[in-house]
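Summary of the model geometry
The chain contents come next:
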Amino acid sequence: MSVPDTLRYTNEHEWVRLDADDTGVIGITAHAQDQLGDIVFVELPAPGDRVTQFEKFGEVESVKAVSDLFSPVSGEVVEVNAALTDQPELVNGSPYEKGWLLRLRLSDTAELDKLMSAPDYDRFVQEELGD
Amino acid sequence: MTTPTLRRTPLHGEHLSLRGRMTPFAGWDMPIQYSGIVEEHRAVRTGAGLFDVSHMLRADVRGPAAAAVLRRALTYNVGALPIGGAHYALLCEPDGGIRDDAFVYRLAAEEYLFIGNASNADADLERLRTLARPGAELRPHADSAMFALQGPRALEIGRRLGSPEIAALPLRGCARGTVAGYAAFLARTGYTGEDGYEIVVAAEHAVPVWRALLSAGASPIGLGARDTLRLEAALPLYGNDIDRTTNPYEAGLGWVVDFDDGDAADFIGRDALLALKNAPFARTLVCLRAEERGVMRHGHPVLHNGQAVGIVTSGTFSPTLEVSIGMAYVPPAQSEPGARLEVDVRGKRLPVRVVPRPFYRRERTG
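For every chain, the first residue of its written sequence is number 1, and the numbers climb from 1 along that sequence. Numbering of ligands from 1 and lettering of chains from A proceed in the order in which they are written. Under the rules for a predicted model, residues below a pLDDT of 70 receive no local features and side-chain atom pairs below 80 are neither given nor counted, while totals for whole chains, interfaces and linings still include all residues. Here the side-chain values reflect all heavy atoms present in the structure, with hydrogen atoms and water set aside.

Numbered from the N terminus, helices here are DSSP runs of H or I no shorter than four residues, and strands are runs of E no shorter than two. Along the backbone of chain A there are 4 helices and 9 strands. Scaling as 2.2 N^0.38, a compact globule of 131 residues should have a C-alpha radius of gyration of about 14 Å, and chain A matches this with 14 Å. By its C-alpha atoms, chain A is 35 × 35 × 20 Å across when sized along the principal axes. Any residue under 20% of the maximum accessible area for its type is buried, any over 50% is exposed, and the rest in between are partly exposed; the area is computed with a 1.4 Å probe on protein chains only. Counting all 131 residues of chain A, 50% fall into the buried class. If you take every contact in chain A between residues at least 6 apart in sequence, the share linking residues at least 24 apart comes to 62%. Two things to know: the radius of gyration comes from C-alpha atoms, and the globule rule equals 2.2 Å times the number of residues to the power 0.38. Contacts: residue pairs with any heavy atoms within 4.5 Å of one another.

In this section: the overall build of chain B. Secondary structure summary: chain B contains 9 helices and 19 strands in total. For chain B, whose C-alpha radius of gyration is 20 Å, the value lies close to the compact-globule estimate of 21 Å for 366 residues. Pairs at least 24 residues apart make up 66% of the contacts formed inside chain B by residues separated by at least 6 positions. Accessible surface is estimated by sampling points in the Shrake-Rupley manner with a 1.4 Å probe; for residues, cover comes only from the protein chains shown. Accessible area of chain B: about 15,100 Å², with a carbon and sulfur share of 52%.

What counts as a salt bridge is simple: a side-chain nitrogen of Lys or Arg found within 4 Å of a carboxyl oxygen of Asp or Glu. In the structure shown here, the tally under the stated rule is 35 salt bridges over all chains. The shortest N-O distance in the salt bridge between B:R346 and A:E59 comes to 2.9 Å. In this pair, B:R346 sits in the loop between β18 (340-345) and β19 (348-355) while A:E59 sits in strand β6 (residues 56-62), so the two residues belong to two different chains. Residue class for B:R346 comes out partly exposed when judged on its relative accessible area of 36%. Residue class for A:E59 comes out buried when judged on its relative accessible area of 8%.

What follows covers the pairing of strand β7 (residues 66-70) of chain A. Residue and element names in this part refer to chain A. DSSP-based pairing: two strands are paired if at least 2 bridges between them are found. Inspection of the sheet shows β6 paired to β7 by 5 bridges, in the antiparallel sense. Following the sheet pairing, V60 is matched in β7 by S67. Here β6 folds back onto β7 in antiparallel fashion, the turn holding 3 residues.

Where strands meet in a sheet, backbone hydrogen bonds hold them as pairs that are either parallel or antiparallel. All names here are of chain B. Within the open sheet, the 6 strands sit side by side as β10-β11-β12-β9-β3-β13. Their pairing is mixed. The two strands at the open ends of the sheet, each matched to only one other strand, are β10 (174-179) and β13 (219-220). Across 4 bridges, strand β11 (residues 182-187) lies against strand β12 (residues 196-202) in antiparallel orientation. Its bridge partner lying in β12, L186 is registered against I199. For helices, the axis comes from a line fit to the C-alpha atoms of the stretch in contact; other axes are also lines fit to C-alpha atoms, and the angle between any two N-to-C directions lies between 0 and 180 degrees. With respect to the sheet, helix α5 (residues 154-161) is in contact with β9 (144-150), β10 and β12, its orientation differing from that of β12 by roughly 35 degrees. Docked against the sheet, helix α7 (residues 206-215) engages β3 (49-52), β9, β10, β11, β12 and β13, running at close to 10 degrees with respect to β9.

Residue and element names in this part refer to chain B. The sheet built from 6 strands closes into a barrel, its strands ordered β14-β17-β16-β15-β18-β19 with antiparallel pairing. Neighbouring strand axes in the sheet, compared pairwise and without regard to direction, differ in orientation by 45 degrees on average. Here strand β14 (residues 284-290) pairs with strand β17 (residues 323-330) via 6 bridges, running antiparallel. Looking across to β17, one finds that V286 is bridged to A328. Where helix α8 (residues 223-232) meets the sheet, it contacts β16 (307-318) and β17, and its direction lies at approximately 120 degrees from that of β16.

All names here are of chain B. Axis separation between helix α2 (residues 37-46) and α8 bottoms out at 8 Å; the angle between their running directions is 55 degrees. With respect to α8, the axis of α2 lies oblique. For the pair α2 and α8, the sense of crossing is right-handed. Contact with α2, carried on its side by I37, E40, H41, V44 and R45, involves G224, A225, T228, L229 and E232 of α8 and no other residues of that element. Any angle that is under 35 degrees is reported as roughly parallel, and any over 145 degrees as roughly antiparallel; angles of 65 to 115 degrees are reported as roughly perpendicular and all others as oblique. Left-handed describes a crossing in which the near helix is turned anticlockwise from the far one by less than a right angle; the clockwise case is right-handed.

A separate point is the domain arrangement of chain B. Put simply, an interface is often sized by how much accessible area is lost when its parts join up. Residue and element names in this part refer to chain B. Residue ranges for the domains trace back to a domain assignment, done automatically or taken from a database. If you check the domain split of chain B, you get domain 1 (1-279) and domain 2 (281-355). The gap between the C-alpha centroids of domain 1 and domain 2 is 28 Å. In this assembly, 21 residues from domain 1 lie in contact with 19 residues from domain 2. A buried area of about 1,600 Å², summed over both sides, lies between domain 1 and domain 2, and 56% of it is on carbon and sulfur atoms. Linking domain 1 with domain 2 are 2 salt bridges. Salt-bridge contacts for E322 lead to R42; the nearest nitrogen and oxygen are separated by 3.3 Å. Residues adjacent in sequence count toward polar contacts only when both atoms are side-chain atoms; beyond that, a polar contact is any pair of N or O atoms within 3.5 Å, and within protein one must be able to donate a hydrogen and the other to accept it. Summed over the shared surface of domain 1 and domain 2, the result is 14 residue pairs in polar contact (both at pLDDT 80 or more). If you list the elements that add at least two residues to the side of domain 1 that touches domain 2, you get α2 and α8. Under the convention adopted here, Pro, Cys and the residues Ala, Val, Leu, Ile, Met, Phe, Trp and Tyr are nonpolar, Asp, Glu, Lys and Arg are charged, and Gly plus all remaining residues are polar. Looking at the side of domain 1 that touches domain 2 residue by residue, the classes come out as 9 nonpolar, 6 polar and 6 charged. Summed over both partners, the accessible surface that disappears when two parts come together, traced with a 1.4 Å probe, is what is meant by buried area.

It is worth spelling out the pairing of β14(B) at this point. Regular strands place their side chains on alternate faces of the sheet. All names here are of chain B. Burial analysis of β14 places 6 of its 7 residues in the buried class, which makes it a mostly covered element. For β14 and β19, the ladder comprises 4 bridges, and the chain directions are antiparallel. Across the sheet, residue A290 finds its bridge partner in β19, namely V352.

Moving on, we come to the side chain of B:R99. Residues and elements named next belong to chain B. Mapped onto the secondary structure, R99 falls in strand β6 (residues 98-108). Given a relative accessible area of 6%, R99 falls into the buried group. A polar side-chain atom of R99 sits 3.1 Å from a polar atom in the side chain of E93. Ignoring anything within four residues of it in the chain, the contact list for R99 reads L91, C92, E93, N120, A123, E126, R127, Y238 and R244.

Residue and element names in this part refer to chain B. Aromatic rings from Phe, Tyr and Trp, with only the six-membered ring used for Trp, were paired whenever their centres fell within 6.5 Å, and each pair was classed as stacked if the ring planes differed by under 30 degrees, edge-to-face if by over 60, and tilted otherwise. Under the criterion given, the structure shown has 10 aromatic pairs over all chains. Plain terms: the ring middles of Y105 and F185 are 5.2 Å apart, the flat faces sit at 85 degrees to each other, and that makes the pair edge-to-face. Separated by 80 residues along the polypeptide, Y105 in strand β6 and F185 in strand β11 bring together distant segments of the chain. Ring pairing ties together the aromatic residues Y88, F103, Y105, F185 and W255, which thus form one cluster.

Here is the structure:
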């Protein structure tokens, strides 16, 4: 399962990418979508809504089960991936690119220090799978 | 931490080599999916799927008293089953509650095969053993494997690999023959809403038969798609839609309860079921289809005008209809097709409508 080096990760299997304009894009990891299986609905906040680090901001529903989404960082939603309304399966096929969830204006970039690096997240997933 | 040892079917190694995702199910380590539930579901609806259902209970019941023992255990009159026939049946409790649902196959005048749910194997065997009498030999299979081959291409694959008996099977027929050269019990039954076969072979032949059926074009299908397929066909799942607290009439299974053989119909639960048959229903199992985004699941409350009137017994996302579907017990007043209800999906109200049973019906090709 791929774990891009350029992202930071939560232990709830979300990622965040900080862009040059100090906005961040968030999504769920390849491992998370693999565990969920076929995703059929994604429930997300609207532009202008605020999300808080490590708190629930939405839900992702697969054929098998529903799962809460927890934000890797705090901030204001500036853009929602509208393509997911009709093509939620983009999260399965392209979790780090076309299947992104939200673009946020980060409240505090220092929050990124509380997240895992790619090697740390990779180890975390391996340990979880080993259980 | 102690994990109870899970049982393995003769195909366990095949599942691992096919990268099946394994999960505990009724004490067995079973594949929930291989490529993914939706892809597997569509393979069965458009091609042919192969399921390992070796976890299910299989028991031969033989001898001059075999029919009498089964008649006492089942709501269905097995004596009326023609040789080479099969029928759905229920085991009930004395109060009319459902102990298990099963399929009964008659291979010869005094030879039946009973197939029950893995989760109820002990309860079924206990019931059958309690009823045992001289002249009826009960032999649970310890050394067989069972497959379901289902889908529009299942007949063609079965006929290509099977002996002539398989091509001659009518719907719900059964016979002995061979598949891929190995002795097999063959039946034209299943649990997907598609045409196809269920096949029982000796455990030692399970792997070559499995591989031959896959090579012939069938896709391996896990328990995840088995559940979405059976729910689209509105086939009840024991433990979800029926159990000891539900009776056959409210579950829409009154057609499996047979009193026609008069005094011989002395099956367990008979008196209670006769009374229930003539009493008004308190609730009935209906099919629900979501009108908006959201997925109803087992255990979600069903609301009418904001008041809880029932519970979703099975719910999922239907890959064929691309909307959430489910079954629920609701009061008769809300049970007619077209009735509008809501399902409480974790605090959100999902509008649903009662629809005719089933959700999916295959095109019959003869």
